[in-house]
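# Fold and geometry: a report
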Amino acid sequence: METVFMGLGLAADACAVSLSSGMIIKHIKINKALKIALFFGIFQALMLLIGWFIGLSFREILSQVDHWIAFGLLSFLGGKLIYESMQVENDDKPFNPLDFYNLLGLAIATSIDALAVGISLSVLKISILSAAGKVGLITFGICFVAVYIGHSFGDLFKNKVEIIGGLVLIFLGIKILFEHFGQ
């Protein structure tokens, strides 16, 4: 049961980004929601496993910078989203949450906390494969639904969606910093 709660907690950031992504996507289809949910679910599980392996030898070093990495990635992507939303319509493509590199950056940034949790789990006697599987499935399910919920609200906000999405990403980065410094 602890793993389920851990999965819900770890999925929170990815859920917020999925909501924002759903707001931005113009024509939602199941394959788009699946792509986002799969990226986030796989990365949460993968980063938990990587953290567990890293934790066996580099626990102290990584715990000192993981929050800065997440903050930097989320702030950069959020700033990019806000900047692009304020540009006059031109030939440049707007921020696309389905773009491989954007989605990769978002998935990595939102799964940094899973890496940190994996590091801490390395000292416990748990089945890391089972934990990673549950976390990945929970994140996938939550993100899949969140894309559709975000898409429903996207029509309400029309042209301000990118600004809201960018602010959400930046605030997630700031939240990660505050959580780290609050410890």
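Since we're looking at a predicted model, the values are computed, not measured.

### Considerations on the UniProt feature "transmembrane region" (unreviewed entry) in the chain
Residues annotated in UniProt with the feature "transmembrane region" (unreviewed entry) correspond here to residues 36-58, 103-124, 131-149 and 161-178. End-to-end, the C-alpha atoms of residues 36-58 are 30 Å apart, and along that stretch the chain is 87% helix and 0% strand. The straight-line gap between the two end C-alpha atoms of residues 131-149 is 27 Å; of that span, 100% is helix and 0% is strand.

### A word on the packing of helix 1 (residues 2-24) against helix 2 (residues 30-55)
Contact geometry for helix 1 and helix 2: axes closest at 10 Å, N-to-C directions at 150°. Our pair here, helix 1 against helix 2, has a crossing hand that is right-handed. In contact with M6, L10, A14, V17, S18 and S21 of helix 1, helix 2 contributes I36, F40, Q44 and L48. Residue composition of the contact of helix 1 with helix 2, grouped by class: 7 nonpolar, 3 polar and no charged.

### A closer look at a nonpolar patch on the surface
Among the surface-exposed residues, I30, L34, L38, I42, L46 and I50 lie close enough to one another that they form a single nonpolar patch of about 490 Å² accessible area. With respect to the helices and strands, L38 occurs in helix 2.

### As for the nonpolar core
Judged by nonpolar contacts, the single largest core of 21 residues is most densely connected at I36, F40, F95 and L106. By residue number, the principal contributor to this core is helix 2, which donates 6 residues. By size, the runner-up hydrophobic cluster in this structure holds 15 residues, among which are M6, L115, I128 and A131.

### Focus: the state of the cysteines
Tallied over the full model, the rule gives 0 disulfides. Left unpaired, C15 is separated from the closest cysteine sulfur, that of C143, by 6.1 Å. Overall, the relative accessible area of 0% leaves C143 in the buried class.

### As for the packing of aromatic side chains
Throughout the structure, instances matching the rule amount to 7 aromatic pairs. Pairing W52 with F53 gives two aromatic rings, centres 5.0 Å apart and planes at 75°, and the pair type is edge-to-face. When its relative accessible area of 19% is taken as the criterion, W52 is described as buried. Taken together, F39, F43, F100 and Y101 form an aromatic cluster joined through their ring pairs.

What counts and what doesn't
Residues numbered from 1 in each chain as written. Predicted model: local features only at pLDDT ≥ 70, side-chain atom pairs only at ≥ 80, totals over all residues. Heavy atoms only, no water. UniProt positions renumbered as here; feature names shortened; annotations may be inferred. Helix = DSSP H or I, 4+ residues; strand = E, 2+ residues; numbered from the N terminus. Axes fitted to C-alpha atoms, helices over the stretch in contact; angles between N-to-C directions. Left-handed = near helix turned anticlockwise from the far one by under 90°. Contact = heavy atoms within 4.5 Å. Nonpolar A, V, L, I, M, F, W, Y, C, P; charged D, E, K, R; others polar. Patch = residues over 30% accessible without salt bridge, like charges linked within 9 Å, V, L, I, M, F, W, Y side chains within 5 Å. Areas by Shrake-Rupley, 256 points an atom, 1.4 Å probe, with all protein chains shown as cover. Salt bridge = Lys/Arg side-chain N within 4 Å of Asp/Glu carboxyl O. Core = buried A, V, L, I, M, F, W, Y, C linked by side-chain atoms within 4.5 Å. Buried < 20%, exposed > 50% of the residue type's maximum accessible area, 1.4 Å probe, protein only. Disulfide = S-S within 2.5 Å. Phe/Tyr/Trp six-rings, centres within 6.5 Å; stacked < 30°, edge-to-face > 60°.

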